[in-house]
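For reference, the chains in residue letters:
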Amino acid sequence: GPFISKKTEQAISEGRVGGILNVYGAEHTHELQRIATTQSRLKIPLLIGLDVVHGYRTIFPVPIGQAASFNPDLITRAERVAAIEATSAGINWTFGPVLDLGRDPRWGRISEGNGEDPYLSSEIARAMDEIRSLKDHLQEENVYLRREVEGRLQGLGRIVSRSPIMRQVLRQ
């Protein structure tokens, strides 16, 4: 949340923190960035990450529900709102949009994708490509893929379950 401990502030000022998760609110993210860019040796801004899969302050249906509308333009408008809200609050690292194809319900977090149809998912991705308002979006997708693959392989979290992933499926 918005609480930032003195220990965290000290670690940032010493340059031992390059990114932080789940801090929200412009006042708090701005303060963290101020510490990183004025007090640390290298003055490198932080990555401030938050899960913005179906909205930030304005909450929209989960992505699989949005995909069920078969309306990429509507989904793009929702993503634009989320992007504006999150970036205005200092969030520069998100874990969405999720372009994973939900082929196996054992994977968990399947509701964060657009379902199993590659054509529909690609049309939604194409529509969302126009609003790359969240910085370094390609990098964010790679981070999300790594997190999801690791989660699937390790069975971490309440909504992620173990499942075998054959190399061929992983490459698709």
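No experiment lies behind these values; they were computed from the predicted model shown. (Residues numbered from 1 in each chain as written. Predicted model: local features only at pLDDT ≥ 70, side-chain atom pairs only at ≥ 80, totals over all residues. Heavy atoms only, no water.)

K.L.:
Even after reading the chapter, I still don't get the overall build of the protein, so can you show me in this structure?
P.N.:
For the protein, the helix and strand inventory stands at 7 helices and 3 strands. Across the protein, helices and strands are ordered from the amino to the carboxyl terminus as α-β-α-β-α-α-β-α-α-α. Expressed as a percentage of its 172 residues, the buried residues of the protein come to 41%. The long-range fraction of contacts in the protein, counting pairs at least 24 apart against all pairs at least 6 apart in sequence, stands at 64%. On the protein, roughly 10200 Å² of surface is accessible, and the fraction owed to carbon and sulfur atoms is 55%. (Helix = DSSP H or I, 4+ residues; strand = E, 2+ residues; numbered from the N terminus. Buried < 20%, exposed > 50% of the residue type's maximum accessible area, 1.4 Å probe, protein only. Contact = heavy atoms within 4.5 Å. Areas by Shrake-Rupley, 256 points an atom, 1.4 Å probe, with all protein chains shown as cover.)

K.L.:
Sorry if this is basic, but what is going on with the packing of helix α4 (residues 72-88) against helix α5 (residues 118-128) here?
P.N.:
Between two packed helices, what matters for the description is the angle formed by their axes and the separation of those axes. Between α4 and α5, the least distance of the axes is 9 Å, while the angle of their chain directions is 45°. Accordingly, the angle class assigned to the pair α4 and α5 is oblique. Remark: the crossing between α4 and α5 carries right-handed chirality. Facing Pro 72, Ile 75, Thr 76 and Glu 79 of α4, the residues of α5 in contact are Glu 123, Ile 124, Ala 127 and Met 128. (Axes fitted to C-alpha atoms, helices over the stretch in contact; angles between N-to-C directions. Parallel < 35°, antiparallel > 145°, perpendicular 65-115°, else oblique. Left-handed = near helix turned anticlockwise from the far one by under 90°.)

K.L.:
Would you mind going over the nonpolar core with me for this structure?
P.N.:
It is characteristic of soluble globular proteins that their nonpolar side chains tend to be buried jointly. Ranked by size, the top nonpolar core spans 16 residues in total, and within it Ile 12, Leu 32, Leu 46, Ile 48, Val 52, Tyr 56 and Ile 91 carry the most contacts. Those elements that place two or more of their residues in this core are α2 (26-38), β2 (47-50) and α4. Contact partners of Leu 46, with chain neighbours within four places excluded, come to Ile 12, Val 17, Gly 18, Gly 19, Leu 32, Gln 33, Ala 36 and Asn 92. Ile 75, Leu 120, Ile 124 and Met 128 belong to the second largest nonpolar core, which has 5 residues in total. (Core = buried A, V, L, I, M, F, W, Y, C linked by side-chain atoms within 4.5 Å.)

K.L.:
Just checking my understanding: could you explain the layout of surface pockets for this structure?
P.N.:
Where empty space is left can be seen by rolling a probe of water-molecule size over the atoms. By volume, the second largest pocket amounts to about 170 Å³. Residue lining of the second largest pocket: Ile 12, Glu 14, Gly 15, Val 17, Gly 18, Ala 36, Ser 40, Arg 41, Leu 42, Ile 44, Pro 45 and Leu 46, and that is the complete set. Across the lining of the second largest pocket, the residue classes tally to 7 nonpolar, 3 polar and 2 charged. (1 Å grid on protein atoms, 1.4 Å probe; cavity = no way out; pocket = protein on both sides within 12 Å on 5 of 7 lines; lining within 4 Å. Points joined across faces, edges and corners; volume = space filled by probe spheres on them. Nonpolar A, V, L, I, M, F, W, Y, C, P; charged D, E, K, R; others polar.)

K.L.:
Explain empty space enclosed by the protein to me, please; I cannot follow it from the model alone.
P.N.:
Under the definition given, this model contains 3 cavities of 30 Å³ or more. The calculated volume of the second largest cavity comes to roughly 70 Å³. Val 53, Pro 63, Gln 66, Ala 67, Ile 75, Glu 79, Pro 97, Val 98, Glu 112, Asn 114 and Met 128 are the residues that line the second largest cavity. When residues in the lining of the second largest cavity are grouped by element, the largest group, 3 residues, is from helix α3 (residues 63-67). Taken together, the residues of the lining of the second largest cavity sort by class into 7 nonpolar, 2 polar and 2 charged.

K.L.:
Looking at this structure, I do not really get the environment of Asp 100. What am I missing?
P.N.:
With respect to the helices and strands, the residue Asp 100 is situated in the loop between β3 (93-94) and α5. Exposure remark for Asp 100: the relative accessible area of 24% places this residue in the partly exposed category.

K.L.:
I keep staring at unusual backbone geometry and nothing clicks. Help me out?
P.N.:
The phi torsion of most residues other than glycine is negative, and most of the peptide bonds are trans. With a phi angle near 65°, Asn 22 is a residue other than glycine that sits in the positive phi range. Positionally, Asn 22 belongs in the loop between β1 (19-21) and α2. A positive phi is found at Phe 70, a non-glycine position, where the angle reads about 55°. Relative to the elements of secondary structure, Phe 70 occurs in the loop between α3 and α4.

So yeah, pure geometry; function would need other evidence.
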